[in-house]
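Here is how the chains run, residue by residue.
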Amino acid sequence: MTIRDTFGYQVLTGLSINKEADLSLILQRVTWYGPSPGTLGSISRIIFKPNGQVVLRLHAFIDDSPKWITEKGTYKLKGNSIIVRGKAPLGKQFTATGNLNAKGELLFSNEMPEELRRFTDEPDDCSA
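Reference entry: report on the structure contained in this document.

Further remarks concern the environment of Arg29. Inspection of the secondary structure assignment puts Arg29 in helix α2 (residues 20–29). For the pair Arg29 and Gln10, spaced 19 residues apart in sequence, the C-alpha separation works out to 7.9 Å.

The next point concerns the pattern of salt bridges. A full pass over the atoms with the stated rule returns two salt bridges. One salt bridge connects Lys87 with Glu71, and the closest N-O pair in it is separated by 3.6 Å. Residue Lys87 is found in strand β5 (residues 81–87), and its partner Glu71 is found in strand β4 (residues 65–78); the two are separated by 16 residues along the sequence. Lys87 gets classed as partly exposed once you look at its relative accessible area, which sits at 31%. Between Glu105 and Arg118 there is a salt bridge whose closest N-O contact spans 3.0 Å. Placement of the pair is Glu105 in the loop between β6 (93–100) and β7 (106–108) and Arg118 in strand β8 (residues 118–119), with a sequence separation of 13 residues.

Glancing now at the sheet that holds strand β1 (residues 32–33). The strand order across the open sheet formed by eight strands is β1-β2-β3-β4-β5-β6-β7-β8, and the pairing between neighbours is antiparallel. Each end of this open sheet is capped by a strand with a single partner; those strands are β1 and β8. When β5 meets β6, the two strands line up antiparallel, connected through seven bridges. Bridge pairing links Ile83 to Thr97 in β6.

Within the largest apolar cluster, 25 residues are counted, with the highest numbers of intra-cluster contacts made by Trp32, Ile46, Phe48, Ile82, Val84, Leu106 and Phe108. Of all the secondary-structure elements, those providing two or more residues to this core are α2, β2 (44–48), β3 (53–62), β4, β5, β6 and β7. The contact partners of Ile46, leaving out residues within four places of it in the chain, are Trp32, Val54, Val55, Leu56, Leu106, Phe108 and Phe119.

Let's shift gears to the packing of aromatic side chains. Going through the model one piece at a time under the given rule, you end up with two aromatic pairs. Where Phe48 meets Tyr75, the ring centres are 4.9 Å apart and the plane angle is 85°; that geometry is what we call edge-to-face. Of this pair, Phe48 sits in strand β2 while Tyr75 sits in strand β4, and the two are 27 residues apart along the sequence. Tyr75 matches Phe48 in its accessibility class, with the two residues each being buried. Measuring from centroid to centroid gives 6.5 Å for Phe108 and Phe119, while their planes differ by 85°, and the two rings are edge-to-face. One end of the pair, Phe108, is in strand β7; the other, Phe119, is in strand β8, with eleven residues separating them in the sequence. The two residues Phe108 and Phe119 agree in class, both being buried. The ring centre of Trp68 lies 4.6 Å from the NZ or CZ of Arg57, which sits over that ring.

About the cut-offs
Residues numbered from 1 in each chain as written. Predicted model: local features only at pLDDT ≥ 70, side-chain atom pairs only at ≥ 80, totals over all residues. Heavy atoms only, no water. Helix = DSSP H or I, 4+ residues; strand = E, 2+ residues; numbered from the N terminus. Salt bridge = Lys/Arg side-chain N within 4 Å of Asp/Glu carboxyl O. Buried < 20%, exposed > 50% of the residue type's maximum accessible area, 1.4 Å probe, protein only. Pairing = 2+ DSSP bridges. Core = buried A, V, L, I, M, F, W, Y, C linked by side-chain atoms within 4.5 Å. Contact = heavy atoms within 4.5 Å. Phe/Tyr/Trp six-rings, centres within 6.5 Å; stacked < 30°, edge-to-face > 60°. Lys NZ or Arg CZ within 6 Å of the ring centre and 35° of its normal.

Here it is as structure tokens:
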């Protein structure tokens, strides 16, 4: 991880979560990690592409071994809200709304699968 792909660095460069154009850049430039409930590290990732595409990754156990499952979807910004549409890895179609707060937490509504509701720039390798 480099300092340049963190939320704090993006804010230090003058970007604001309250400006739609800046929010778009922050989402694309930061590496977003989901929760880390065990020894495997973060179980999910979300990647925002410049073309409005979003990549959702989930670390799941398949046949007793951990594997990354990847699905693609779309996102758009409406003010400082982030609307994500897609198919959850190992799940169903959804449309969820999220916001990036001043602490650098990317939080989504309950329509998003639980493992994909909270992201930060912290690559917690193990919470055990």
